[in-house]
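Structural overview for review
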Amino acid sequence: MDTAGRSAKLRTQLRIILDATKEVADREVGVTVAADLIYDQMRDEFQASGALPRDTASLIDELDDATPDGRLQCRIAKVAFLIAKLPTDAARPIGVRATPDMIADLLVEDVRSDGPALRAAVPGAAASLARRGILIEVNGAYLLQTPTAAEWAADFEMYRREVEADEAWIANARSSQLQRAFESVTKGIQPRQGESKETRRFRLFYGDSEPRPAIDEIPAWIRDGWGTSEKVVEEAARQAGTSSPWIFVFVDRAKHDELRTALVETEAATRTIDRRAAPQTPEGRDARQGMASRREASAAIASVVLADIVRVARVYQAGGAEIAEPASEPAVGSSLARAIENAVLRL
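What this report covers is the structure whose coordinates are included nearby. (Residues numbered from 1 in each chain as written. Predicted model: local features only at pLDDT ≥ 70, side-chain atom pairs only at ≥ 80, totals over all residues. Heavy atoms only, no water.)

**Regarding the sheet that holds strand S7 (residues 247–251)**
- With mixed pairing, four strands are arranged side by side in an open sheet as S5-S6-S7-S8. Single-partner strands in this sheet number two, and they are strand S5 (201–206) and strand S8 (314–317). If you compare each strand with its neighbour and ignore which way they point, the axes differ by 20° on average.
- Pairing of S7 with S8, which is carried by four bridges, proceeds in the antiparallel orientation. (Pairing = 2+ DSSP bridges. Helix = DSSP H or I, 4+ residues; strand = E, 2+ residues; numbered from the N terminus. Axes fitted to C-alpha atoms, helices over the stretch in contact; angles between N-to-C directions.)

In structure tokens:
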């Protein structure tokens, strides 16, 4: 940890241990020295050696706003800083990474009670610090923001504002994602007709323009609340009549803000990665990996939100009858499969 060699003497190392031990000496058995206390003991020496820049020290200090959340975030940042100073290559790697579980274990003060509470609180607090750009996540572990990572974060924020203002891009991205989601839930559906089990084709159509299916196709017309209303879709289904093989689907405009944010942040991270030169330094590679982790996290959120939206989509048979699954287990794929079976009989 002391890469500058200022604390190489055994006497200095013993002083650090003694000072830390004094902090807990009068407390009950079971109380131990948490890792952030080591940071407090060595803070001045880190600054003197140049290992802890003044701005970084101030950033860590300012996290403690006298609230429980602020104190925890400050402690997490201290431990992340310490772990980053441990050897990771050459002849002395130790394998310690600043994962939420590792940070929680290192913050334990009372081994009898602290563990479960910290393991529950640290992941959310660390994720919050990452969203604020104070930590960056690299392969499931956290690093304290560096000047290089700050440059990547500034680019991300620039691209985030750029994408946020592009309503056409957001609408196209949402539509594309919804289409992929419906194609996924209908994959494997193969409608067959009559005793000969002749295969019939069905086709998904999207948007507000009325589709023009082939005469032997079963059309499923999918529209969403960003472009129309459920009342319009229901009326179109009723007007189609009970002899029509058409299927009408309405996707509610649910979780709008969550989906929008996830799509915007995924694209902003993608643009940040694609438009910066390949990094040549360890700090740059960490910053790039941190941005990739951020992109993956946002994309995962978008996938979950889309799955939730699509799962509760409303399916109507031509004529207006809704094909619904039990409210406790909504599944648009099952509803569509049943509607397609019914439609085969109308061809």
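**Considering the pattern of salt bridges**
- Considering all chains together, one arrives at 22 salt bridges under this definition.
- Salt-bridge contacts for aspartate 44 lead to arginine 43; the nearest nitrogen and oxygen are separated by 4.0 Å.
- For arginine 43, a relative accessible area of 21% puts it in the partly exposed group.
- The closest approach of N and O atoms between lysine 255 and aspartate 308, which form a salt bridge, is 2.8 Å. (Salt bridge = Lys/Arg side-chain N within 4 Å of Asp/Glu carboxyl O. Buried < 20%, exposed > 50% of the residue type's maximum accessible area, 1.4 Å probe, protein only.)

**Regarding unusual backbone geometry**
- Located in the positive-phi region is alanine 66, a residue other than glycine, with phi close to 75°.
- Checked against the element boundaries, alanine 66 lands in the loop between helix H3 (54–63) and helix H4 (68–84).
- With a relative accessible area of 71%, alanine 66 lands in the exposed category.
- Despite not being glycine, lysine 255 shows a phi value in the positive range, around 50°.
- With respect to the element layout, lysine 255 can be found in the loop between S7 and helix H10 (256–275).

**Some remarks on the pairing of strand S1 (residues 135–138)**
- In this structure, S1 lies alongside strand S2 (residues 141–144), joined through four bridges in antiparallel fashion. What sits directly across from isoleucine 136, in S2, is leucine 143.
- Linking S1 back to S2 in an antiparallel pair, the connection comprises two residues, with asparagine 139 at a positive phi of about 55°.

**Considering the packing of helix H5 (residues 100–107) against helix H6 (residues 114–131)**
- Contact geometry for H5 and H6: axes closest at 9 Å, N-to-C directions at 130°. Here H5 is positioned oblique relative to H6, judged by the angle of their axes. Between H5 and H6 lies a crossing of right-handed hand. On H6, the residues that touch Pro100, Ile103, Ala104, Asp105 and Leu107 of H5 are Leu118, Arg119, Val122 and Pro123.
- Tallied by class, residues from the contact of H5 with H6 come to seven nonpolar, no polar and two charged. (Parallel < 35°, antiparallel > 145°, perpendicular 65-115°, else oblique. Left-handed = near helix turned anticlockwise from the far one by under 90°. Contact = heavy atoms within 4.5 Å. Nonpolar A, V, L, I, M, F, W, Y, C, P; charged D, E, K, R; others polar.)

**Points about the packing of aromatic side chains**
- Under the definition given, this model contains five aromatic pairs.
- When the ring of tyrosine 39 is compared with that of phenylalanine 81, the centres are 5.8 Å apart and the planes differ by 85°; the resulting orientation is edge-to-face. A residue pair is termed long-range when its members are at least 10 positions apart, and tyrosine 39 in helix H2 (residues 35–49) and phenylalanine 81 in helix H4 qualify at 42 residues.
- For phenylalanine 81, a relative accessible area of 5% corresponds to the buried category.
- Among the aromatic residues, ring-to-ring pairing joins Tyr39, Phe46 and Phe81 into one connected group.
- A cation over a ring is seen here: arginine 223 above tryptophan 221, with NZ or CZ 3.7 Å from the ring centre. (Phe/Tyr/Trp six-rings, centres within 6.5 Å; stacked < 30°, edge-to-face > 60°. Lys NZ or Arg CZ within 6 Å of the ring centre and 35° of its normal.)

**A few points about helix H7 (residues 147–164)**
- In this model H7 runs 25 Å from its N-terminal to its C-terminal C-alpha over 18 residues, within 8% of the 26 Å that 1.5 Å per residue would give.
- Taken as a whole, H7 has its buried residues at Ala149, Trp152, Asp155, Phe156, Tyr159 and Val163. Here the buried residues of H7 occupy an arc of 120° about the axis, which is enough to place them on one side. (Expected span 1.5 Å × (residues − 1). Arc of directions from axis to C-beta.)

Shape is all these values report; function is a separate question.
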